[in-house]
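Observations on the three-dimensional arrangement
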Amino acid sequence: MILNASGCLDALAAPEVAAQLDIFVTKTVTPLPRGGNEPTRIAETDFGMLNSIGLANPGIDAFVADVLPELAELEIPVWVSVGGFSAHDYADLCSRLDAYDDVATIELNVSCPNVAEPADSVAEIVAAARAATSKSLYAKLSPASGDITAVAEAAGAAGADGLSLVNTIRGLALDATTLEPTLSTATGGLSGPALRPIALAAVFGCFRATGLPIVGMGGVETGRHVIELIAAGATAVALGTVLFADPEAPARIRTELEVEAERLGFETPLAAHAAAHEEEGRRRLREVA
Ligand SMILES: Cc1cc2nc3c(=O)[nH]c(=O)nc-3n(C[C@H](O)[C@H](O)[C@H](O)COP(=O)(O)O)c2cc1C
């Protein structure tokens, strides 16, 4: 399954890109509208992109009234990403969304590097969200936490149905002549190729620790990158930064993935699931199935 990464595609502005996906994931929605950070909010680096969008979004009221009905018309399953500053915020957002059949899954963004960290722990947030909705819940984690596998285990124990791995990691770019930070917020979230091995390690470790379904993401640009995340333990893969440069990426990557799976001797791409884990991974796989 190929998804977009939250915040990297506006499906209403580019429905032809969304149509290439199996699932559309919204930009993170917060309780109140947010204008986001001042420009400059995007900077190029040698190995990826920095952003400090700051969760610009219309807020949950406008989202359910105006955006969700339009997304439903695209006839692609919709996952809604939500973010807040306390477990209470997440619970409120989940109970609001619980009423809408058009919401297939809620992704809890507990990991945005461009806003203040939520005050409560990931376990508290997931438990509060779990109590507020019967919908499937994915916890989106930061690769910057000291031990992401421990956070993943805590999220699973608190009731997460799956994990989205990974969000961006904090980085800094300096202006070529003034040496001042390029972004208005100084630091921002690093995405793109530099994240690839970090994402792979997170998926590998968290699959081994939890056996939960995982959406892998971070620097995916080719079918080979997708099959590596699947081999590490991902059951689905999301495309982020690549979509800014190549709107045809989902269709291209899907074709490349089929070719790569066949070249490696797998009947389907998903047959490579957990291949990187050898015995341990296969044991987990049997437990999950
Ligand atoms: C411009 C931009 C905006 C993003 N906005 C969000 C967001 O609103 N919520 C979220 O959970 N992640 C957000 N992300 C992170 C992506 O969903 C993804 O986790 C990250 O970019 C790694 O994937 P990539 O290297 O393929 O881009 C954003 C990333 C970018 C580049």
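Here, every reference points to the structure presented above.
Read on for an overview of the structure. Numbering of residues starts from 1 in each chain and follows the order in which that chain's sequence is written. Local features in this predicted model are restricted to residues whose pLDDT is 70 or higher, and side-chain atom pairs enter the listing and the counts only when it is 80 or higher, whereas totals over whole chains, interfaces and linings include all residues.

Moving on to the overall build of the protein chain. A count of helices and strands for the protein chain gives 10 helices and 12 strands. In terms of overall size, the protein chain behaves like a compact globule, its C-alpha atoms giving a radius of gyration of 18 Å where 289 residues would be expected to give roughly 19 Å. Taken along its principal axes, the extent of the C-alpha atoms in the protein chain is 50 × 50 × 40 Å. Here, residues touch in the contact sense if the C-beta positions derived from the backbone fall within 7 Å of one another. If you take every contact in the protein chain between residues at least 6 apart in sequence, the share linking residues at least 24 apart comes to 69%. Put simply, DSSP H or I for four residues or longer makes a helix, DSSP E for two residues or longer makes a strand, and each gets a number counted from the N terminus. Values of the radius of gyration come from C-alpha atoms, whereas the globule rule sets the reference at 2.2 Å times the count of residues to the power 0.38.

Another point: the packing of helix H7 (residues 223-232) against helix H9 (residues 249-263). Where H7 meets H9, the closest approach of the two axes is 7 Å, and the angle between their N-to-C directions is 65 degrees. Here H7 runs over H9; the crossing is right-handed. Where H7 approaches H9, its residues Gly223, Arg224, Val226 and Ile227 are matched on the opposing element by Ile253, Glu256, Leu257, Val259, Glu260 and Ala261. Within the contact of H7 with H9, the residues separate by chemical class into 6 nonpolar, 1 polar and 3 charged. For every element, the axis is a line fit to its C-alpha atoms; helices are fit only across the contacting stretch, and the angle between N-to-C directions ranges from 0 to 180 degrees. For any helix crossing, the convention is left-handed if the near helix is rotated counterclockwise from the far helix by under a right angle, and right-handed if that rotation is clockwise. All residues other than Ala, Val, Leu, Ile, Met, Phe, Trp, Tyr, Cys, Pro, Asp, Glu, Lys and Arg, Gly among them, are scored as polar; the first ten of these are nonpolar and the last four charged.

This paragraph deals with the sheet that holds strand E9 (residues 169-172). By definition, two strands form a pair when at least two bridges between them are found by DSSP. What the 4 strands build is an open sheet, ordered E3-E4-E10-E9; its pairing is antiparallel. The sheet is open, and its two borders are formed by strand E3 (42-45) and E9, each paired with just one other strand. Strand-to-strand twist in this sheet, taken as the mean axis angle between neighbours without regard to direction, amounts to 40 degrees. Sheet analysis places E3 next to strand E4 (residues 48-51), joined by 4 bridges and oriented antiparallel. Its bridge partner being in E4, Glu44 is matched across the sheet by Met49.

Further remarks concern the sheet that holds strand E8 (residues 162-165). The strand order E1-E12-E11-E8-E7-E6-E5-E2 describes an open sheet built from 8 strands, whose pairing is parallel. The open sheet has two edge strands with one neighbour each: strand E1 (2-4) and strand E2 (24-25). Of the strand pairs in this sheet, E2 and strand E5 (residues 78-82) are connected by 2 bridges, and their pairing is parallel. Each residue of the ladder has a partner; that of Val25, found in E5, is Trp79.

It is worth spelling out the pairing of strand E12 (residues 236-239) at this point. Buried means a residue has 20 or more other C-beta atoms within 10 Å of its own C-beta, exposed means 12 or fewer, and partly exposed covers the counts in between; C-beta atoms are placed from the backbone. Judged by which residues are buried, E12 turns out to be covered on both faces: Ala236 and Ala238 on one side and Val237 and Leu239 on the other are all buried. Bridge count for E1 against E12 is 3 bridges, and the pairing is parallel. Residue pairing in the sheet places Ile2 in a bridge with Val237 of E12. Strand direction decides the pairing type here: strand E11 (residues 214-216) and E12, joined by 2 bridges, are parallel. By the bridge assignment for E12, Val215 is matched with Ala236. Where the polypeptide runs from E11 across H7 and back to E12, its parallel neighbour, the crossover connection is right-handed. With strands facing away from the observer, any crossover in which the path from the first strand over the helix to the second runs clockwise is taken as right-handed.

Whether a residue is near a molecule or strand depends on its C-beta atom, generated from backbone atoms, being within 6 Å of that molecule or strand. In the vicinity of the ligand, 26 residues are found, and the nearest of them are Ala5, Gly7, Ser191, Gly240 and Thr241. The residue inventory of the shell around the ligand, partitioned by class, reads 10 nonpolar, 14 polar and 2 charged.

Our next topic: the packing of helix H6 (residues 196-210) against H7. Put simply, H6 and H7 touch, their axes get as near as 8 Å, and they point 25 degrees apart. Considering their axes alone, H6 and H7 lie roughly parallel with respect to each other. Listed contacts from H7 to Arg196, Ala199, Leu200, Val203, Phe204 and Phe207 of H6 are His225, Glu228, Leu229 and Ala232. Residues belonging to the contact of H6 with H7 are distributed by class as follows: 7 nonpolar, 1 polar and 2 charged. Each angle is binned into one of four classes, with values under 35 degrees roughly parallel, values over 145 roughly antiparallel, values of 65 to 115 roughly perpendicular, and all other values oblique.

By secondary structure assignment, the location of His273 is in the loop between H9 and helix H10 (278-288). Linking His273 and Ser136, residues 137 residues apart in sequence, is a C-alpha distance of 21 Å.

Bend, at a single residue, is the angle you get between axes fitted to the 7 residues ending at that residue and the 7 residues starting at it. Asp66 marks the point of greatest bend in helix H2 (residues 60-72), at about 35 degrees, and the proline Pro69 comes within the next four residues. Of the residues making up H2, those classed as buried are Ile60, Phe63 and Leu71.

Further remarks concern helix H3 (residues 87-97). Most of H3 sits out of view: 8 of its 11 residues are buried. Along H3, the residues that are buried comprise Ala87, Asp89, Tyr90, Ala91, Leu93, Cys94, Arg96 and Leu97.

Membership of the largest hydrophobic core comes to 86 residues, with the highest contact counts inside it found for Leu108, Val126, Ala139, Leu163, Val203 and Val237. Among the elements that make up this core, the one with the highest residue count is helix H4 (residues 122-132) (8 residues). Excluding its chain neighbours within four sequence positions, the residues that come into contact with Val203 are Leu165, Ile214, Gly216, Leu229, Ala232, Gly233 and Ala234. Note on terminology: a nonpolar core is any set of buried Ala, Val, Leu, Ile, Met, Phe, Trp, Tyr and Cys residues joined through C-beta atoms within 7 Å.

Geometry only, nothing functional implied.
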